[in-house]
Amino acid sequence: MEETFGNLEFAGEGKIEQRRVNGRYSIVSRSYNLYSDVQRADDIVVVLPQAAGEKSFESEDRVQLVHPQIVAEDYKIGERGFTNYQLHVR
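Residues numbered from 1 in each chain as written. Predicted model: local features only at pLDDT ≥ 70, side-chain atom pairs only at ≥ 80, totals over all residues. Heavy atoms only, no water.

1. Structural notes on the pairing of strand S2 (residues 24–36)
As a general feature of sheets, a regular strand has side chains that alternate between the two faces.
So, step 1. Across eleven bridges, the pairing between strand S1 (residues 8–21) and S2 is antiparallel. Note on S2: the bridge partner recorded for Glu-13 is Tyr-32.
So, step 2. Inspection of the sheet shows S2 paired to strand S3 (residues 43–49) by six bridges, in the antiparallel sense. When the bridges of S3 are listed, Asn-33 appears paired with Val-45. (Pairing = 2+ DSSP bridges. Helix = DSSP H or I, 4+ residues; strand = E, 2+ residues; numbered from the N terminus.)

Spelled out as structure tokens, the structure:
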């Protein structure tokens, strides 16, 4: 993880995934955007399950992840290829 992403810093809140349960919306997960000093050109998103609760960070706070699993999502714009990394944690 450290070799791939180096130091991670908080870059802002991402999306909240919700599902309707018994007519009410329940939060399933929250995502947060991170900066990496190694993967400078790629977007890095960490996804936390609802059980982890809402996290509060100041901009550029250093972030340490527990039990991360990397999911890579590739996409193309014109002739250029890009990768979004999602880090799922428990």
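2. Comments concerning the side chain of Ser-36
So, step 1. Examined against the element boundaries, Ser-36 turns out to sit in strand S2.
So, step 2. Looking at Ser-36, its side chain comes within polar contact range of the main-chain oxygen of Phe-5, at 2.5 Å.
So, step 3. There is a polar contact of 3.1 Å between the side chain of Ser-36 and the backbone nitrogen of Val-38. (Polar contact = N/O pair within 3.5 Å; in protein donor to acceptor, adjacent residues only side chain to side chain.)

3. Considerations on the sheet that holds strand S6 (residues 80–88)
The pairing of strands in a sheet comes from backbone hydrogen bonds and takes either a parallel or an antiparallel form.
So, step 1. Read from one edge to the other, the open sheet built from six strands follows the order S4-S1-S2-S3-S6-S5, with strand pairing classed as mixed. In the strand order of this sheet, the two ends are held by strand S4 (62–63) and strand S5 (69–77), each with one partner.
So, step 2. The pairing of S5 with S6 spans nine bridges and is classified as antiparallel. Paired with Ile-77 across the strands is Arg-80, a residue of S6.

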